[in-house]
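Fold and contact review
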Amino acid sequence: MPGFSDRELGMGRRITRRDFIDGVAVGTAAVAAATALPGIAQAAPGAGKGNGHGGHGNGHGNGHGHGPKTPYPPTETGLKGQGAGSYDVAHAVRNGDFDPGKINGTKESYDLVVVGAGLSGLAAAHLYRKHAGKNARVLILDALDDFGGHARRNEFQVGRSLLLSNGGTVNIDTPSTWTRASRDLLTKDLGVDLKALEATVKSDAYAPYSLRSATLFNAERWGRDQLVIRESGESWASYVTKLPMGAASRAALVRLYTTTEDFYPGLTDAQKKEILARTPYETYLREKIGMDDDALEVVKRGTNGLWGVNVDRVAAADAWATGQPGFGGLNLAHTPWPGAGFTPLMQLAETDDDGYFYFPEGNAALARLLVSRLIPDAFDERRPDWRDIVTARADYGRLDRPGSKVRIRLASTAFSVRNDGRRGVDVHYAKGGRSYHVRAKGVVMACWNSVASYVMPELPAEQATAMRYGVKVPLVYARVALRDWQPFARARVSRVSTPSRFFSSFGLPTVTEIGDFKMPSRPELPTVVSLSATPNQPGLICRDQHKAGRRQLMRMPFEDFEREIRDSMARSLSSYGFDPARDITAVTVNRWAHGYAYEYNSLDDPHLFRPESERPYAQARRPVGRITIANSDAEGFGYTQAAFDAAHRAVSQLL
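Residues numbered from 1 in each chain as written. Predicted model: local features only at pLDDT ≥ 70, side-chain atom pairs only at ≥ 80, totals over all residues. Heavy atoms only, no water.

**Regarding the overall build of the chain**
Threshold: Only DSSP runs of H or I covering at least 4 residues are called helices, and only runs of E covering at least 2 are called strands; the numbering of each starts at the N terminus. C-alpha atoms define the radius of gyration, and 2.2 Å times the number of residues to the power 0.38 defines the globule rule. The rule is simple: take the accessible area with a 1.4 Å probe, protein chains only, and divide by the maximum for that residue type; under 20% is buried, over 50% is exposed, in between is partly exposed. Contacts are residue-level and defined by heavy atoms, with any inter-residue pair within 4.5 Å sufficient. Note that accessible areas follow from Shrake-Rupley with a 1.4 Å probe, and for residues the cover is restricted to the protein chains shown. The charge count includes Lys and Arg as positive and Asp and Glu as negative, but it does not include His or the ends of the chains. The atom standing in for a charge is NZ when the residue is Lys, CZ when it is Arg, CG when it is Asp and CD when it is Glu.
A tally of regular secondary structure across the chain gives 24 helices and 21 strands. Against the globule reference of 26 Å for 655 residues, the chain gives a C-alpha radius of gyration of 25 Å, in line with a compact fold. Out of the 655 residues in the chain, the part that is buried amounts to 60%. Contacts in the chain between residues at least 24 apart in sequence constitute 72% of all its contacts with a sequence separation of at least 6. Element-wise, carbon and sulfur atoms account for 48% of the exposed surface of the chain, whose accessible area totals about 24,900 Å². Computed over 82 positive and 72 negative side-chain charges, the separation of the two mean positions in the chain equals 5 Å.

**Describing the sheet that holds strand E3 (residues 78-81)**
Short version of the rule: Only when DSSP finds a minimum of two bridges between them are two strands counted as paired. Fitted lines through C-alpha atoms give the axes, limited to the stretch in contact for helices. The angle between two N-to-C directions lies from 0 to 180 degrees.
Taken in spatial order, the eight strands make up an open sheet running E3-E20-E14-E19-E16-E15-E8-E9, and their pairing is mixed. Since the sheet does not close on itself, it has two edges, and those belong to E3 and strand E9 (226-230), each with one partner. In this sheet, adjacent strand axes meet at a mean angle of 20 degrees when their direction is disregarded. Where E3 lies against strand E20 (residues 584-596), four bridges are found, and the strand directions are parallel. Opposite Lys80, over in E20, you have Asn590 as the bridge partner.

**So, the packing of aromatic side chains**
Here is the rule we go by: Here is the rule: rings of Phe, Tyr and Trp (six-membered ring for Trp) pair when centre to centre is within 6.5 Å. Planes less than 30 degrees apart are stacked, more than 60 are edge-to-face, and the remainder are tilted. Charge over a ring is defined by NZ of Lys or CZ of Arg lying within 6 Å of the ring centre and within 35 degrees of the ring normal.
Taken as a whole, this structure holds 25 aromatic pairs when the rule is applied. Relative to Phe327, the ring of Tyr284 lies with its centre 4.7 Å away and its plane at 20 degrees, an arrangement referred to as stacked. Of this pair, Tyr284 sits in helix H11 (residues 281-289) while Phe327 sits in the loop between helix H14 (316-321) and helix H15 (342-348), placing them 43 residues apart in sequence. The burial state of Tyr284 is the same as that of Phe327; both residues are buried. Ring centres of Tyr356 and Tyr358 lie 5.4 Å apart, and the angle between their planes is 10 degrees; this geometry places the pair in the stacked category. Given the relative accessible area of 34%, Tyr356 is considered partly exposed. Taking the ring centre of Tyr239 as reference, the NZ or CZ of Arg230 above it sits at 5.7 Å. Taking NZ or CZ as reference, Arg393 lies 3.6 Å from the ring centre of Tyr72, over its face.

**Thoughts on the nonpolar core**
The nonpolar side chains of a soluble globular protein tend to be buried with one another. Put simply, the rule reads: Here, the term nonpolar core denotes a set of buried Ala, Val, Leu, Ile, Met, Phe, Trp, Tyr and Cys residues that are joined through side-chain atoms within 4.5 Å.
Counting residues in each nonpolar core, the largest one holds 103 residues, and the members touching the most others are Phe147, Val192, Phe359 and Phe488. With near-sequence residues (within four places) excluded, Val192 lies in contact with Leu186, Thr187, Leu197, Phe359, Leu366, Leu369 and Trp386. Counting residues in hydrophobic clusters, the runner-up holds 50 residues, among them Trp236, Ala317, Leu608 and Ala618.

**Examining the pairing of strand E19 (residues 527-533)**
Counting buried positions over the seven residues of E19 gives six, a clear majority of the element. In terms of strand pairing, strand E14 (residues 473-482) meets E19 through seven bridges, oriented antiparallel. Within the sheet, the bridge partner assigned to Val476 lies in E19 and is Ala533. Pairing between strand E16 (residues 505-507) and E19: three bridges, direction antiparallel. Counterpart to Phe506 in the pairing with E19 is Leu531.

**A look at the confidence of the model for the chain**
The following threshold applies: Each residue carries a pLDDT value, the predictor's own confidence for that position, ranging from 0 to 100.
Mean pLDDT for the chain: 91, with 91% of residues reaching 70 or above. Confidence drops under a pLDDT of 50 for residues 16-67, and excluding neighbours within four residues, the segment shows 113 contacts in the predicted structure.

**Notes on the packing of helix H5 (residues 180-189) against helix H24 (residues 640-654)**
Selection criterion: Any angle that is under 35 degrees is reported as roughly parallel, and any over 145 degrees as roughly antiparallel; angles of 65 to 115 degrees are reported as roughly perpendicular and all others as oblique. Classification convention: Asp, Glu, Lys, Arg as charged; Ala, Val, Leu, Ile, Met, Phe, Trp, Tyr, Cys, Pro as nonpolar; all other residues, Gly among them, as polar.
At a closest axis distance of 9 Å, the pairing of H5 and H24 adopts a crossing angle of 105 degrees. Here H5 is positioned roughly perpendicular relative to H24, judged by the angle of their axes. For the pair H5 and H24, the contacting residues are Ala181, Ser182 and Leu185 in the first and Gln641, Phe644, Asp645 and His648 in the second. When the residues that make up the contact of H5 with H24 are grouped by side-chain class, the tally is three nonpolar, three polar and one charged.

**Concerning a negative patch on the surface**
Keep this limit in mind: Patches in this entry comprise residues that are over 30% relatively accessible and not in a salt bridge; like charges within 9 Å are linked, as are nonpolar side chains (Val, Leu, Ile, Met, Phe, Trp, Tyr) within 5 Å. Just to be clear on terms, a salt bridge is a Lys or Arg side-chain nitrogen sitting within 4 Å of an Asp or Glu carboxyl oxygen.
Taken together, the side chains of Asp380, Glu381, Asp385 and Asp516 define an acidic patch exposed on the protein surface. Position of Glu381 among the secondary structure elements: in the loop between helix H16 (364-374) and strand E10 (406-409).

**Side note on the pairing of strand E5 (residues 138-141)**
Taking every second residue as pointing to the same face, both faces of E5 are buried, with Val138 and Ile140 on one and Leu139 and Leu141 on the other. Pairing of strand E4 (residues 103-115) with E5 involves four bridges; the strand directions are parallel. Its bridge partner being in E5, Val114 is matched across the sheet by Ile140. As paired elements, E5 and E10 share four bridges and run parallel to each other. Residue pairing across strands places Ile140 opposite Ile408, the latter belonging to E10.

**Examining the side chain of Asp111**
To be explicit about the condition: N or O atoms closer than or at 3.5 Å make up a polar contact, with two conditions inside protein: a donor-capable atom paired with an acceptor-capable one, and, for residues adjacent in sequence, both atoms drawn from side chains.
With respect to the helices and strands, Asp111 occurs in strand E4. Here the side chain of Asp111 touches Lys441 through a polar contact of 3.1 Å, side chain to side chain.

**Looking at the pattern of salt bridges**
Throughout the structure, instances matching the rule amount to 46 salt bridges. In this structure, Asp560 and Arg563 form a salt bridge, with 3.5 Å as the shortest nitrogen-oxygen distance. Of this pair, Asp560 and Arg563 both sit in helix H21 (residues 558-573), three residues apart, which is roughly one turn of the helix. Overall, Asp560 belongs to the partly exposed group, its relative accessible area being 30%. With relative accessibility at 28%, the residue Arg563 sits in the partly exposed group. In this structure, a network of salt bridges that share partners links the residues Glu220, Asp225, Arg501, Glu564, Asp567 and Arg571.

Okay, structure coming up:
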């Protein structure tokens, strides 16, 4: 069967790969130590190696003076995101076999401890200090090696070119639908000028090259590797004649995109939507459009980006509202219906003011802006604005300094958070194979709900059950730095869909010009290619599909991701001069086994037909003494505005 050897793919080239603990190459002895000591695997490079604890004057590997150099996570390649070791302590706590050993008292006391340095946690810290005053002392703990959670920045330097990409959260979505409080946080507190930000996206950057879209039909599924290119403006009737499938499959694809038939004649708008809300999109496609397995193979992942599952477990009504094809003749009103998911409701409420609001590193820019407000000298440019933040360099050695009003302590996993009975909270966490204790007047749990349910021993049983109801969407954002993109230009393609491979597609980046940053856009210059995957197991309900996908991701070593990347790109573009061994200069795989917040749907979650107060996510966010709950899980909605809304609510409950 056609394919490429590891040598042809460049698997032996000297780029970052294999045997990584949080992106740092390690030897056998270090791997053994990581499995023997609780927490050591999630320690940041340089932490837990004689630098002492932050409460005793030296900080956690802060990089100042003697000792290891402070790492810079955005530039680290290999397996990132929730990398190896970042979840070890949490899993041990869940399994009931975590041994904290000796608890080291730090004598640290804070007005607020935030567990989780994602957008919700950082926003909570900012909002708390905004109301409590700049003298309020705040500690933020996070198990990962970088702040921002899923809002992660990937940074590459290829020759003289700086390349940026998002390693998670992509863009600012539909701000017209945001609450006033969260929109003010974005535009007033962080100073983001949305219209000016929209203008930084250069939508015509690739116009001189007349790029098109393409699909790789791979040999394992279709008999031989074939790259099929769709010409700009080409009709579906013309395009399907190129596809390696039978006449009936081709006709169904044409019907999918061109139908004007009303499949529910005589029914009202509300009656149609009621049927669609309880009908899987795949069932609709098979029964109404007449699609078979071959036709579905091409479009079945169209829902992955929003829900992490294929068309088999997305309601047809939700598919219609988010722009999926096949509904052209139903004449549905642009209005909500009982059981509508939150993403469809958001898109139905979109206005003309909503555009494409995108930073080159995604919403990691917002995380960096929040950090700059919390720790003013954390960046080389003091308090950078929304334009300057893109090229500002963070000094990670300044995040956790003794005496600082706000401290961000990375690679630190909370394993017990309990009210102390004196209007305070005891927080225990693991870092570098050791366990520590700090006190706080209040705590915001801005980590995943499932984690919080195991580290808060005072939780009522029904609340713990509610916290564990939703299952995070597993996903992978891989980023590949290329020395140039001339093979794309020769093929005249910007993105290649790979419907029968592990990754769904790969393609060129959005070109932006913001502040001092300009994404290269000429073929002879370097670029960064993006790939995404949302592993799942069709046939199961959504939550079980997410669990299956998570298990798959956690078993995959970096070299398996890398081989998939190189092989898909080689099969697609080798005839246009692409050589993966020569052209790829770096690979970063952002693995989010626990990815975006679970979003309820009308097929699997009858709670959507009930008042919000009866839904598990609403029951899960009840305060417990001086401990409140933030994060997008608490809103049942995996978007930045949900993270901000949760932060507002959690902080207001403490003040």
